[in-house]
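Residue-level structural notes
Listed below, chain by chain, are the residues.
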Amino acid sequence: MKLTCYQVDPQPAEMVPGSPDREWMDKFSDRHPYRCLPLVVANTTGWALLSPVSFTATWNGGPRIEDIRLDPDDDTPRALLDRWAVSHFSGGVLTLHTGWLFKTEPGWDLWAGGPPNHLKDGIQPLIGVVETYWLPFPFTMNWRFTRPGMISFKKGEPFCFVYPLPHEKMDEVQPIIKSIHDDPELKKQYEAWGASRTNFLNKLGDKDSEAVKHGWQRDYFRGRTPEGHVAPDSHINRRRLKAPRKAEPGE
């Protein structure tokens, strides 16, 4: 599927494949949050838009548009900031322009929100699912203050994250509730995982040298179960998304 990105600003926000790195994850001992494969894959499942300016936003808690104040940082010209960041919706909502008009192929929407697992104190990204397969105009990225106060975005910081999403397939999904006892083979694998996990945690608690040395179980990362079942070839432990490229002539 093609995700076509039309520039509606002469210099749109830089768009890059999502990065696995997060500052708060780096600060843990041995960077152990990176051992959580679902977390890392989520960080990289999509494309990030990077802020072209550094600025500070201050909300006094009021309901009006003018209750958010925007101030450029460093040498950012006021005119440049005004082109990218505005108080538009009131109620503590900060609006950021992307400089892009995104088009997906028929049957695909675009999920747009904050970068996964990118923590920002005092403000929360708002998420939208946009019907970009037909929409002829761009959307904005919005964040809402969680309390009165001051926040900042730095130049190069991701402020928006996008990835394609099937338009109608979600409506076809039917959750089915069953007991684990209804699937003997799955129950066997589940119990083997539980026993393996309990044994490993007990060894950690007893300061077992081998368990402490390894520090974590790598079964999911390696794509296998404690019983030796191997995941399908489609299992991934790293995303390698394509960077945006210039359209070829006539494309």
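As the structure is a computational prediction, the values presented were derived from the model and not from experiment.

Now for the sheet that holds strand S12 (residues 141-145). Remark on secondary structure: sheet strands pair via backbone hydrogen bonds, oriented parallel or antiparallel. Strands sit in the order S6-S7-S12-S10 across an open sheet of 4 strands; the sheet is antiparallel. In this open sheet, the two strands that pair with only one neighbour each are strand S6 (85-86) and strand S10 (123-125). Bridge count between S6 and strand S7 (residues 93-96): 2 bridges; the pairing is antiparallel. If you follow Val 86 over to S7, its bridge partner there is Thr 95.

Let us now look at the packing of aromatic side chains. The tally for this structure, following the rule as stated, stands at 8 aromatic pairs. Each ring, one from Phe 102 and one from Phe 139, has its centre 5.8 Å from the other, and the planes form 25 degrees; the classification is stacked. Note that Phe 102 is positioned in strand S8 (residues 100-104) and Phe 139 in the loop between strand S11 (128-130) and S12, a separation of 37 residues in sequence. Of the two residues, Phe 102 and Phe 139, neither departs from the other in class, the shared state being buried.

Where side chains of opposite charge bring their charged atoms close, a pairing between them can arise. A full pass over the atoms with the stated rule returns 15 salt bridges. Ionic pairing is found between Asp 71 and Arg 78, a salt bridge with its closest N-O pair at 3.7 Å. Asp 71 gets classed as partly exposed once you look at its relative accessible area, which sits at 24%. The class of Arg 78 is partly exposed, set by a relative accessible area of 37%. The partner of Glu 251 in a salt bridge is Arg 245, and the shortest N-O contact between them spans 2.8 Å. Residue classification places Arg 245 among the exposed residues on the basis of a relative accessible area of 57%.

We note that the domain assignment places domain 1 (3-172) and domain 2 (180-217) within the chain. The straight-line distance from the C-alpha centre of domain 1 to that of domain 2 is 39 Å.

In protein structure, a disulfide is the covalent linkage between the sulfur atoms of two cysteines. Under the defined criterion, the tally for this structure stands at 0 disulfides. Here Cys 5 is not cross-linked by a disulfide; its sulfur's nearest cysteine counterpart is in Cys 160, at 11 Å. Cys 5 sits in the partly exposed class, given a relative accessible area of 25%.

Quick look at a negative patch on the surface now. Together, Asp 182, Asp 183, Glu 185 and Glu 227 give the surface a local cluster of negative charge. Considering the arrangement of structural elements, one finds Glu 185 in helix H5 (residues 184-205).

Okay, the pairing of strand S14 (residues 158-166) next. Pairing analysis gives 4 bridges linking strand S3 (residues 47-50) to S14, with the strands arranged antiparallel. Across the sheet, residue Ala 48 finds its bridge partner in S14, namely Phe 161.

Ordered in space as S2-S3-S14-S9-S11, the 5 strands form an open sheet in which the pairing is antiparallel. Each edge of the sheet is formed by a strand with only one pairing partner; in this case those strands are strand S2 (14-17) and S11. Across the sheet, the mean angle from the axis of one strand to that of its neighbour is 30 degrees, orientation sign disregarded.

Now for the side chain of Asn 142. Among the secondary structure elements, Asn 142 is positioned in strand S12. For Asn 142, a relative accessible area of 12% puts it in the buried group. Polar contacts involving the side chain of Asn 142 include one to the side chain of Thr 95, which spans 2.6 Å. Among all residues touching Asn 142, those that are not within four sequence positions of it are Phe 89, Val 93, Leu 94, Thr 95, Gln 124, Pro 125 and Leu 126.

Conventions adopted
Residues numbered from 1 in each chain as written. Predicted model: local features only at pLDDT ≥ 70, side-chain atom pairs only at ≥ 80, totals over all residues. Heavy atoms only, no water. Pairing = 2+ DSSP bridges. Helix = DSSP H or I, 4+ residues; strand = E, 2+ residues; numbered from the N terminus. Phe/Tyr/Trp six-rings, centres within 6.5 Å; stacked < 30°, edge-to-face > 60°. Buried < 20%, exposed > 50% of the residue type's maximum accessible area, 1.4 Å probe, protein only. Salt bridge = Lys/Arg side-chain N within 4 Å of Asp/Glu carboxyl O. Domains from an automatic or database assignment. Disulfide = S-S within 2.5 Å. Patch = residues over 30% accessible without salt bridge, like charges linked within 9 Å, V, L, I, M, F, W, Y side chains within 5 Å. Areas by Shrake-Rupley, 256 points an atom, 1.4 Å probe, with all protein chains shown as cover. Lys, Arg positive; Asp, Glu negative; His and termini not counted. Charge placed at Lys NZ, Arg CZ, Asp CG, Glu CD. Axes fitted to C-alpha atoms, helices over the stretch in contact; angles between N-to-C directions. Polar contact = N/O pair within 3.5 Å; in protein donor to acceptor, adjacent residues only side chain to side chain. Contact = heavy atoms within 4.5 Å.

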